[in-house]
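Structure assessment
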Amino acid sequence: MDFEIVGNPESLPTCEQDVIPENLPAPTDKYKLKYQQYETEMKEAYKQYSQRKAEKAKSNVTHQQSPRKRINDECVQGEEVIMGDLTTLDRKALLQQGYADNRYSAQRSTRKSDAEIVAAEKKKQTVAEQVMIDHLSRAVISDPEQNVTIEKEESASVLPDARRAPLRFRRRALHETKIRTHSTLTENMLSHKVQFDGRIISRNGHDACRELIGFFFTHDQSLTVYEYRQFGKNRTNVLPFIQKNVYSHQRGRRKGKQYQLGDFYIGGNLTFLSSDHPRLPESIRENTLLILRITNIDQIALDSLKADSVEREDDITSQEASDKLVLKAVQDMLKEQLRNRGVRILTGLGKYLQQLDKEGNGLLDKADFKQALKVFHLEVSENDFESSWLILNGNGNGKVDYGEFKRAVIGEMNEYRKSFVRKAFMKLDFNKTGSVSIIDIRKCYCAKEHPQVISGHSTEEEIKSSFLETLKDACSKSDEVSYGEFEDFYEGLSIGIADDEDFVNVLRIPWGI
């Protein structure tokens, strides 16, 4: 079809004229080479694009054909359950394991590790110095015991005189002062100690991320715990969290027995009655028990003190070992079922148990736990369940904390892995509120070093969107993530990663920690 231009062609805008320059020189070899390179790159890019498109189409077809059913429960509405196969959310969650294959820069890792070690040692030294100052600053001459002793002697030998003021309100002569009192502590006494790091077992993010450092003194079997606080880069504060005293176990087979040196090891729990510590934060005093998990310990000091002490093994030790074997067998069986769908199941189970907890005290009965395992298709034999329940329900009241149930029956990642989860969350939660907005997570998450992004199979936005979709599915609120939900996500991811350093890479690379 021909078109006729009406008017003078010269009056048309320049951009609409088909101007062909005359006498163009032939392209040089240099530009020919550049054009060939450009043509090759374009063909390769289009080939990769076509492959990605074909893989996505194939994945969608497979996904549509896979058998699935929905759980008709208000706590897990919309959650897909596929027996013997994976859901889309499972596949998207497993994309995070790709970071495990991307080795973190050895030089950068070493540099960060060295800096972290120096900072941790400086922190421990600061706390240790504060402990010594607190317990040695009271001089013998000002010890209240001085007044009590002298007043007793006066009351026994001298008749009371109404005109004479009590000794504590009068000047005490030097010859009336004892050289040493019962409560006097010396630097030598306080030096026989083992230092440990601890964390609070709690789903409250602010409490779970408190930095606690404790000391167990062998001269009187007492312990104390201090909290290290940092404000900005240079300002720090060290305050007593658990006052120095002799304490006992508050639950388990050792309930009522005093803490001994053998109770201190990485992964061990220390339990305290919240009512005995009125100065604890309100969020902690809401719970009957305060549970501290030992995350690190001065192993050299511990071995030295154990060599000098004699602690006999009792029947409780063998019973505890037997309990661990029973729970370990159940954990191994469930971890095999959760290997590729751990994120979806653990985060969903957490939300489900939380909603079953109508009273809000974290306690559920046997029927609730059986129902939860059935809903999420976690198969545990009746015999194994009953054996586990007898161990967990040691007090016999018929109810168990659901967080403790999950840790005991499903298991949990080790403290080395958990420290990086806390580090990542603390980086996100810079206001220390215990929860992080999805917007802040999107800003901080970096996917450019994901293997699929590097190879060109996925874009940064695709990897980031997959992560956010699976994380938001774990949350009770659509616009924020609590510490407990963040921990559950990585707890599920941890099940399918055998090597500790591989798991650490999953956190180090996208969060830059």
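Residues numbered from 1 in each chain as written. Predicted model: local features only at pLDDT ≥ 70, side-chain atom pairs only at ≥ 80, totals over all residues. Heavy atoms only, no water.

- If you look the protein up in an unreviewed UniProt entry, it shows as Calcyphosin-2 isoform X4 from Equus przewalskii.

**A closer look at the overall build of the protein**
- Scanning the protein from N- to C-terminus turns up 19 helices and 12 strands.
- The buried share of the protein, reckoned over its 513 residues, is 38%.
- Long-range contacts, defined here as pairs at least 24 residues apart, represent 65% of the contacts in the protein between residues at least 6 apart.
- Surface accessibility of the protein: about 30700 Å² in total, with carbon and sulfur atoms responsible for 51%. (Helix = DSSP H or I, 4+ residues; strand = E, 2+ residues; numbered from the N terminus. Buried < 20%, exposed > 50% of the residue type's maximum accessible area, 1.4 Å probe, protein only. Contact = heavy atoms within 4.5 Å. Areas by Shrake-Rupley, 256 points an atom, 1.4 Å probe, with all protein chains shown as cover.)

**Notes on the packing of aromatic side chains**
- With the rule as written, the count across this model stands at 22 aromatic pairs.
- The interplanar angle of 55° and the centroid separation of 5.5 Å between the aromatic rings of phenylalanine 425 and phenylalanine 486 together place this pair among those described as tilted. In this pair, phenylalanine 425 is assigned in helix H14 (residues 415-428) and phenylalanine 486 in helix H18 (residues 483-495), connecting sequence segments 61 residues apart.
- Here lysine 423 stacks its cationic end above the ring of phenylalanine 420, 4.6 Å away from the centre of that ring. (Phe/Tyr/Trp six-rings, centres within 6.5 Å; stacked < 30°, edge-to-face > 60°. Lys NZ or Arg CZ within 6 Å of the ring centre and 35° of its normal.)

**Details of the sheet that holds strand S7 (residues 269-273)**
- Across the sheet, six strands lie side by side as S6-S5-S4-S3-S8-S7; this open sheet has antiparallel pairing. The open sheet is flanked by strand S6 (235-245) and S7, the only strands paired with a single partner. Strand-to-strand, the axes of this sheet are offset by a mean angle of 30°, without reference to chain direction.
- Bridging between strand S3 (residues 193-200) and strand S4 (residues 211-217) involves six bridges; their strand directions are antiparallel. Considered in S4, the bridge of glycine 198 is made with leucine 212.
- Sheet strands in contact with helix H8 (residues 299-308) are S3 and strand S8 (289-297), and its direction is about 130° off that of S3. (Pairing = 2+ DSSP bridges. Axes fitted to C-alpha atoms, helices over the stretch in contact; angles between N-to-C directions.)

**Remarks on the pattern of salt bridges**
- Across all of its chains, the model carries 29 salt bridges by this definition.
- The closest approach of N and O atoms between arginine 203 and aspartate 488, which form a salt bridge, is 3.3 Å. Taken together, the residues arginine 203 in the loop between S3 and helix H6 (205-208) and aspartate 488 in helix H18 connect sequence positions 285 residues apart.
- With a closest N to O distance of 3.2 Å, lysine 366 and glutamate 386 form a salt bridge. With a gap of 20 residues between them, lysine 366 in helix H11 (residues 366-375) and glutamate 386 in helix H12 (residues 382-392) connect regions that are remote in the sequence.
- Exposure remark for lysine 366: the relative accessible area of 26% places this residue in the partly exposed category.
- A relative accessible area of 25% places glutamate 386 in the partly exposed class.
- Bridged by salt links that share partners, the residues Arg199, Arg293, Glu412, Glu415, Lys418, Glu487 and Glu491 form one connected network. (Salt bridge = Lys/Arg side-chain N within 4 Å of Asp/Glu carboxyl O.)

**Concerning the pairing of S8**
- Within S8, seven of the nine residues are buried, leaving the element largely enclosed by the surrounding structure.
- Pairing analysis gives five bridges linking S7 to S8, with the strands arranged antiparallel. In the sheet register, leucine 270 faces S8, and the bridge partner there is leucine 292.

**Thoughts on H11**
- Buried within H11 are the following residues: Asp368, Phe369, Ala372, Leu373 and Val375. Along the axis of H11, the buried positions cluster into a sector of 165°, meaning they face one direction only. For H11, exposure combined with an orientation more than 90 degrees from the buried face picks out Ala367 and Lys374.
- Buried residues along H11 sit in contact with helix H10 (342-356), strand S9 (363-365), H12, strand S10 (399-401) and helix H13 (402-409).
- Of the residues one or two after H11, histidine 377 is the one with positive phi, at around 55°. (Arc of directions from axis to C-beta.)

**A closer look at the nonpolar core**
- The biggest cluster of nonpolar side chains holds 37 residues, and the ones touching the most others in it are Ile441, Phe467, Phe486, Tyr490, Leu507 and Trp511.
- Elements represented by at least two residues in this core include exactly H14, helix H15 (438-444), helix H17 (460-473), H18 and helix H19 (500-511).
- In terms of residue count, H19 provides more of this core than any other element does, six residues in total.
- Grouped together as the second largest cluster of nonpolar side chains are 28 residues, Leu334, Leu349, Phe376 and Ile495 included. (Core = buried A, V, L, I, M, F, W, Y, C linked by side-chain atoms within 4.5 Å.)

**Considerations on unusual backbone geometry**
- Backbone geometry places glutamine 221, a non-glycine residue, at a positive phi of 60°.
- Positionally, glutamine 221 belongs in the loop between S4 and strand S5 (222-231).
- On the basis of relative accessibility, which here comes to 25%, the residue glutamine 221 falls in the partly exposed class.
- If you check the backbone angles, histidine 377 has positive phi at about 55° while not being a glycine.

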